[in-house]
Amino acid sequence: MAFARIVRGNLRRTGGAIGSFRDGNDISYACNWSRGIKTTPHDQFPVAERALAESDSEYDRDRYPGLEPTKPGEKPRVVVLGTGWAACRFMKGLDVNMYDIVCISPRNHMVFTPLLPSTCVGTLEFRSVAEPVNRIQPALAATPNSYFYLASCNGVDTDKHEVYCETVGNSGLPQEPYQFKVAYDKLVIAAGAEPLTFGIKGVKEHAYFLREVNHAQEIRKKLLLNLMLSENPGISEEERKRLLHCVVIGGGPTGVEFSGELSDFIMKDVHESFPHVKDYIKVTLIEANEILSSFDVGLRQYAINHLTRSGVHLKRGVVKEVHAKKIVLNDGTDVPYGLLVWSTGVGPSEFIKSLNLPKSPGGRIGVDEWMRVPSVEDVFALGDCAGFLEQTGRPVLPALAQVAEREGKFLEELFRRIGKQNGGKAFCSKDIPLGDPFVYKHLGSMASVGRYKALVDLRQSKDANGISHAGFVSWLVWRSAYLTRVVSWRNRFYVAVNWTTTMVFGRDNSRIG
């Protein structure tokens, strides 16, 4: 350990970590630059690398390559963690003449989650619901000091104003995982949430979630695989029924919309493309309480009746444990399945739990009325990972796309106000008046239930009066609303073309990958 510190000191004095040096043959070795991160090739210091590997985590982070703090005269740097609804809406509107942006996320795109269930059965193509982040904010690709880094954040030092990251997957870089740090003037944490499993045994191992494009791809591949396997000779009737039993856990909007899309797929496309097994395939939706509990009672009953007529079996129950080919309910009932989709809401991720920041009820990062984390300076939190602290007297808002999007818009306007008063740099916005706090007004809820039917509930709260409607007209409203909310004109065109193609020619049942 002492040797590691000596080597580290020598490297700093010779400029080996941040500048250049000359060896005995008078050969100059300069720093490498990659996407703004200043690095030194590890093979130039083989002994030092071995010594530094023995150091503790604090010294490790001190020696990370990365972006150093901004200098006087440079624009303030805003670091954004995440590429979800809140993060992308914030970055889209942020004034790049006032700030530099560094976005760090394990994915380089935003997912239009309301239409994700449609991709699982081929109603839409996957690219129609994915928007590259550098199209949302072109400065990430075009501005010299703004960057997107494909990496996961694994630590935040609020005293040093630094975040610590590591690259995702097998990057092929000299070190695995490759780690770096980024200094910030303002930090916006919008890292999203993870599916809730309630600690139930076997869920993570055997169930499919529906939060990302790759989740939808895996569901589609599994569904088509089971359809084709069930036609093989020698498959028993019992095994064929199991393979073709699709079970959805969770009766929220995502679970109901996926069940509706699946019933459409079965009634239109499976009956034509897989006639030998069309009578075996079945969809079961399991919910512990009421489906679509946030909707009007009349709309809930309409959804129940419509799904039942569409062939979806509704079952009330609580999952006790999940096995490879069956789930066990609390009452002891075994439910065999071939495909299990888990959609029971979201909760804080392990990264959010690990941060030494105040927490709101439910474990999210606690924020005040201006989306600030009050115990530290220059840190803000948005979206599914953030919730109002109890002392604000406000309820924690639901994990909805419209909540996250509105929070992102509010914070972008707040940053513009801060920047105009020269508060963009670190530790410079403490005494700046922030204006009116964030106020959320619910715009209503919508859900498709399949077969050209949907629900539209425009009440501002569960107990309030307002317009609610179900049927074909609501389905047109649902499609029109989401088509206009798709981020780019390119993806709006994709979605419109996909819908038209599916209506005319049916869904594609090719299994690729």
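Details of the structure are given in the entry above.
As the structure is a prediction and not an experimental result, all values here were calculated from the model.

A. View of the nonpolar core. By size, the foremost hydrophobic cluster in this structure holds 114 residues, and its most contacted members are Phe90, Ile104, Leu115 and Ile189. In terms of nonpolar packing, the next biggest core, distinct from the first, is built from 15 residues, Phe209, Ile249, Val335 and Tyr337 among them.

B. Expanded view of a nonpolar patch on the surface. On the surface, Tyr452, Phe472, Val473, Leu476, Val477, Met503, Val504 and Phe505 cluster together into a nonpolar patch covering about 810 Å² of accessible area. Mapped onto the nonpolar patch, the elements with two or more residues apiece are helix H15 (472–485) and helix H16 (489–505). A total of four residues in the nonpolar patch trace back to one element, the largest contributor, which is H15. Within the secondary structure layout, Val477 lies in helix H15.

C. A look at empty space enclosed by the protein. With the rule as written, the count across this model stands at two cavities of 30 Å³ or more. One number sums up the size of the largest cavity: a volume of about 50 Å³. Lining the largest cavity, in full, are Arg364, Val367, Met371, Gly383, Ala386, Gly387, Phe388, Leu397, Pro398, Val403 and Glu407. Among the elements of the structure, strand E26 (386–388) and helix H14 (401–420) are those that each provide at least two residues to the lining of the largest cavity. For the lining of the largest cavity, the per-class residue count stands at seven nonpolar, two polar and two charged. Empty space within the second largest cavity amounts to approximately 30 Å³. When the residues that make up the lining of the second largest cavity are grouped by side-chain class, the tally is six nonpolar, one polar and one charged.

D. Expanded view of H14. The terminal C-alpha atoms of H14, which comprises 20 residues, lie 29 Å apart, in line with the 28 Å expected from a rise of 1.5 Å per residue. After H14 finishes, the residue Asn422 shows a positive phi value of roughly 60°.

E. Layout of the sheet that holds strand E17 (residues 282–287). The parallel open sheet is built from five strands, whose spatial order is E15-E22-E16-E17-E18. The open sheet is flanked by strand E15 (208–209) and strand E18 (312–316), the only strands paired with a single partner. Examined bridge by bridge, strand E16 (residues 245–249) and E17 share five bridges and lie parallel to one another. By the bridge assignment for E17, Cys246 is matched with Val283. Across the sheet, helix H12 (residues 297–309) lies against E17 and E18, angled at about 130° from E18, the strand it touches most.

Rules behind the numbers
- Residues numbered from 1 in each chain as written.
- Predicted model: local features only at pLDDT ≥ 70, side-chain atom pairs only at ≥ 80, totals over all residues.
- Heavy atoms only, no water.
- Core = buried A, V, L, I, M, F, W, Y, C linked by side-chain atoms within 4.5 Å.
- Buried < 20%, exposed > 50% of the residue type's maximum accessible area, 1.4 Å probe, protein only.
- Patch = residues over 30% accessible without salt bridge, like charges linked within 9 Å, V, L, I, M, F, W, Y side chains within 5 Å.
- Areas by Shrake-Rupley, 256 points an atom, 1.4 Å probe, with all protein chains shown as cover.
- Salt bridge = Lys/Arg side-chain N within 4 Å of Asp/Glu carboxyl O.
- Helix = DSSP H or I, 4+ residues; strand = E, 2+ residues; numbered from the N terminus.
- 1 Å grid on protein atoms, 1.4 Å probe; cavity = no way out; pocket = protein on both sides within 12 Å on 5 of 7 lines; lining within 4 Å.
- Points joined across faces, edges and corners; volume = space filled by probe spheres on them.
- Nonpolar A, V, L, I, M, F, W, Y, C, P; charged D, E, K, R; others polar.
- Expected span 1.5 Å × (residues − 1).
- Pairing = 2+ DSSP bridges.
- Contact = heavy atoms within 4.5 Å.
- Axes fitted to C-alpha atoms, helices over the stretch in contact; angles between N-to-C directions.

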